[in-house]
Amino acid sequence: MLDFSNARRRLVEDLIAEGILRSKNVIEAMLKVPREEFVTPEYKLSAYNDTPLPLLGDATISAPHMVAMLCEAVRPREGMKILEVGTGSGYQAAVCAEAIGRRGRVYTIEIEMPLVIYSAQNLERLGYAEVVEVYYGDGSLGLPERAPFDAIIVTAAASGVPEALQNQLAVGGRLVIPIEERGGQALYLYAKSERGLARERLAYVSFVRLKRGRKSSWL
Ligand code: SAH
């Protein structure tokens, strides 16, 4: 049996030193979730390199620093309701689940059926099925039946913030999304107040593109 706990702890220490990991609950979540269980078997030994790794098709499990940055950006709190668009391996969802505790809920949507099955199996095997619900569909439409959400994390790049996601974000909620710009992508954080959405640019990033379903509507 390979022991990944030292590699995991070293990676978390590096992310703290880099200023990416800051909050106690997010640090503890990254220390707990076994990334080696979410990568495909041939990449197990690379699980604690701070890089994205291939899943199926063009999908990747995001680099740990990106998972940490997305999670920190939405300030997860005990009992929060989070929507994730782009489940992939399920790793980001598991980190969010650890950060919000047993009373919280993560709803995560994936458009590729093989990845719905892959992520749901990973989450179930590792004991996250109680907190995380995996849905099959076009995440740009959100999940109206579960809205509003305290936080929305989009893990694929879009040309703008899908209108449904803006509407399904609670007042006081935060949404992070990679947006395509000329020559690349930038990660934006949106905060919703009574007056509308305010946005802040966080970093240059590189995500796979958000696929569009037939009924999606964008701003
Ligand atoms: N969060 C993932 C990384 C996902 S990569 C992890 O932790 O492993 C981006 C994912 O978004 C891919 O799995 C891709 O299939 C999915 N995706 C792309 N467009 C989508 C859409 N419109 N709705 C839901 N998922 C989508």
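Up top is the structure.
Cut-offs used in this document
- Residues numbered from 1 in each chain as written.
- Predicted model: local features only at pLDDT ≥ 70, side-chain atom pairs only at ≥ 80, totals over all residues.
- Heavy atoms only, no water.
- Salt bridge = Lys/Arg side-chain N within 4 Å of Asp/Glu carboxyl O.
- Helix = DSSP H or I, 4+ residues; strand = E, 2+ residues; numbered from the N terminus.
- Buried < 20%, exposed > 50% of the residue type's maximum accessible area, 1.4 Å probe, protein only.
- Arc of directions from axis to C-beta.
- Contact = heavy atoms within 4.5 Å.
- Pairing = 2+ DSSP bridges.
- Axes fitted to C-alpha atoms, helices over the stretch in contact; angles between N-to-C directions.
- Parallel < 35°, antiparallel > 145°, perpendicular 65-115°, else oblique.
- Left-handed = near helix turned anticlockwise from the far one by under 90°.
- Nonpolar A, V, L, I, M, F, W, Y, C, P; charged D, E, K, R; others polar.
- Expected span 1.5 Å × (residues − 1).
- Near = heavy atom within 4 Å.
- Polar contact = N/O pair within 3.5 Å; in protein donor to acceptor, adjacent residues only side chain to side chain.
- Areas by Shrake-Rupley, 256 points an atom, 1.4 Å probe, with all protein chains shown as cover.

### A word on the pattern of salt bridges
Part 1: In the structure shown here, the tally under the stated rule is eleven salt bridges.
Part 2: Here E98 and K32 are joined by a salt bridge, their closest N and O atoms 3.7 Å apart. Residue E98 is found in helix α4 (residues 91-100), and its partner K32 is found in helix α2 (residues 24-32); the two are separated by 66 residues along the sequence.
Part 3: A relative accessible area of 25% places E98 in the partly exposed class.
Part 4: Members of the salt-bridge network, linked through shared partners, are D58, E112 and K211.

### Notes on α2
Part 1: Of all the residues in α2, the buried ones are V26, I27, A29 and M30. For α2, the buried positions fall inside an angular range of 160° around the axis, keeping them on one side. Pointing more than 90 degrees away from the buried face of α2 are the exposed residues K24 and K32.
Part 2: Where α2 is buried, its residues touch α1 (5-17), α3 (64-73) and α4.

### Observations regarding the sheet that holds strand β5 (residues 132-136)
Part 1: One open sheet accounts for seven strands, arranged β5-β4-β3-β6-β7-β8-β9; its pairing is mixed. Of all strands in the sheet, those with a lone pairing partner are β5 and β9 (196-205), marking the two edges. Here the strands of the sheet are splayed against their neighbours by 20° on average, with no regard to which way each runs.
Part 2: As defined by bridge partners, strand β7 (residues 169-181) adjoins strand β8 (residues 184-193) across eight bridges and the pair is classed as antiparallel. For E181, the partnering residue across the bridge sits in β8 and is G184.
Part 3: Sitting on the sheet, α3 is in contact with β6 (149-154), β7, β8 and β9, with an inclination near 20° to β8.
Part 4: Across the sheet, helix α5 (residues 113-125) is in contact with β4 (105-110) and β5; its angle to β5 comes to roughly 170°.

### Concerning the packing of α3 against α4
Describing two packed helices takes the angle between their axes plus the distance from one axis to the other.
Part 1: Taken N-terminus to C-terminus, the directions of α3 and α4 make an angle of 45°; their axes are 10 Å apart at the nearest point. On the basis of their axis angle, the class for α3 and α4 is oblique. Viewed along their axes, α3 and α4 form a crossing whose handedness is right-handed. In this structure, α3 contributes V67, L70 and C71 to the contact, and α4 contributes Y91, Q92, V95 and C96.
Part 2: Along the lines of polarity and charge, the residues of the contact of α3 with α4 split into six nonpolar, one polar and no charged.

### Digging into α5
Part 1: Look at α5: 18 Å from first C-alpha to last across 13 residues, which is about the 18 Å you get at 1.5 Å a residue.
Part 2: Of all the residues in α5, the buried ones are L115, V116, Y118, S119, N122 and L123.
Part 3: Each element contacted by the buried residues of α5 is listed here: α4, β4 and β5.
Part 4: The positive-phi residue at the C-terminal boundary of α5 is G127, with phi of around 85°.

### A word on the environment of P54
Part 1: Here P54 is to be found in strand β1 (residues 53-54).
Part 2: Remark: the alpha-carbon pair of P54 and E42, spanning twelve residues in sequence, is separated by 10.0 Å.
Part 3: Apart from the residues within four sequence positions on either side, P54 is in contact with T40, Y43, A59 and T60.

### Structural notes on the site of the ligand
Part 1: Contacts to the ligand come from 24 residues, most closely from S89, E110, D138, G139 and K211.
Part 2: Take G86: an N or O atom from its main chain is 3.0 Å from a nitrogen atom of the ligand.
Part 3: Here the ligand, which alone exposes 580 Å², has 99% of that area covered by the protein.
Part 4: Of the residues in the shell around the ligand, the class split is eight nonpolar, ten polar and six charged.

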